[in-house]
Amino acid sequence: MSRESNAFNSSPEWTSINTSLAVTGAELESSSIERALGLTQATEIQDGASVHHGPGWWTYTVDERCSGDLSEQVSALVHRVKPHLAELKALTAAGYFIQVAISGTVEPNNRLTLSVQSAGQLADLGLPVSFTTLKEGNVPSEDPLSWLD
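Because the structure is a prediction, the values reported are computed rather than measured. Numbering of residues starts from 1 in each chain and follows the order in which that chain's sequence is written. Given that this is a predicted model, residues contribute local features only at a pLDDT of at least 70 and side-chain atom pairs are listed and counted only at 80 or more, while totals for whole chains, interfaces and linings are drawn from all residues. Hydrogens and water molecules were not included; the side-chain quantities draw on all heavy atoms of the structure.

### Comments concerning the pattern of salt bridges
Salt bridge criterion: a side-chain nitrogen from Lys or Arg within 4 Å of a carboxyl oxygen from Asp or Glu. Taken as a whole and judged by the stated rule, the model has 1 salt bridge. Across the pair Lys82 and Asp124 runs a salt bridge whose closest N-O atoms are separated by 3.8 Å. Separated by 42 residues along the polypeptide, Lys82 in the loop between α4 (70-81) and α5 (85-93) and Asp124 in helix α6 (residues 116-125) bring together distant segments of the chain. With a relative accessible area of 42%, Lys82 lands in the partly exposed category. Numbering of helices and strands starts at the N terminus; helices are DSSP runs of H or I of at least 4 residues and strands are runs of E of at least 2. Each residue is placed in one exposure class: buried if its accessible area under a 1.4 Å probe, protein chains only, is under 20% of its type's maximum, exposed if it is over 50%, and partly exposed if it falls in between.

Following this line, the structure appears as structure tokens:
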């Protein structure tokens, strides 16, 4: 193994990873999105996920409370979202932008490994995927989804 690949393999991973279904758009009503996805407060508690929203944005987030492992977060999100792809398509047709948003805290040379299985699960959803990094010690807010505001 070369010296370069050895350094890569020893790089620390991202921390505080969040995997979210993010919906943005004007005049967004969170209750209509939650109904479209079959979400209730009991569902959130059962799934170990949470719903966040603000003016013009809404997220269903799987975070470290469910698992710190990105593969497990992706699996949990896909399991919740996949049965509702038709509803998501209707929301997209209505003018909303929908994506899977993966965020985490990083320092220089941190890495994020996305397994082939997770990449395949995300591809099956047919949604854009974004990666957002926050720098340790320079986090603008305690809310890792603050970039949506």
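### A closer look at α4
The span you would expect from a helix comes to 1.5 Å times its residue count less one. In a regular helix each residue adds 1.5 Å, so 12 residues correspond to 16 Å; α4 covers 16 Å between its end C-alpha atoms and thus fits that length. Three or more residues of α4 are buried, namely Leu70, Gln73, Val74, Leu77, Val78, Arg80 and Val81. The arc that holds the buried residues of α4, viewed along the axis, is 160°, so those residues lie on one side. Any pair of N or O atoms that falls within 3.5 Å is considered a polar contact. Within protein, one atom must be able to donate a hydrogen and the other to accept it, and sequence-neighbouring residues count only if both atoms are side-chain atoms. The backbone nitrogen of Ser71 lies 3.2 Å from a side-chain oxygen of the residue at the head of α4, namely Asp69. Here the arc refers to the set of directions running from the helix axis out to each C-beta atom.

### A word on unusual backbone geometry
In this structure, Ser16 takes a positive phi of about 50° despite not being glycine. Residue placement: Ser16 occurs in strand β1 (residues 15-24). A relative accessible area of 32% means that Ser16 is categorised as partly exposed.

### Here we look at the side chain of Ser50
Turning to its location among the elements, Ser50 is positioned in strand β2 (residues 49-54). Owing to a relative accessible area of 10%, Ser50 belongs among the buried residues under this scheme. Within the structure, the side chain of Ser50 is placed 2.9 Å from the side chain of His52, a separation counted as a polar contact.

### Points about the side chain of Gln73
Within the fold, Gln73 resides in helix α4. Given the relative accessible area of 0%, Gln73 is considered buried. In this structure the side chain of Gln73 is engaged in a polar contact, spanning 2.7 Å, whose partner is the side chain of Thr19.

### Some thoughts on the sheet that holds strand β4 (residues 97-106)
For two strands to count as paired, DSSP must find a minimum of two bridges between them. A sheet is described by the order of its strands in space; here 5 strands give the open sequence β2-β3-β1-β4-β5, paired in mixed fashion. On the outer flanks of this sheet lie β2 and β5 (129-135), each paired with one strand and no other. Geometrically, the sheet is characterised by an average inter-axis angle of 25° between neighbouring strands, direction not taken into account. Looking at chain direction, β1 and β4 are connected through 8 bridges and run antiparallel. Only the stretch in contact is used when a helix axis is fitted, and all axes are lines through C-alpha atoms; the angle between N-to-C directions ranges over 0 to 180 degrees.

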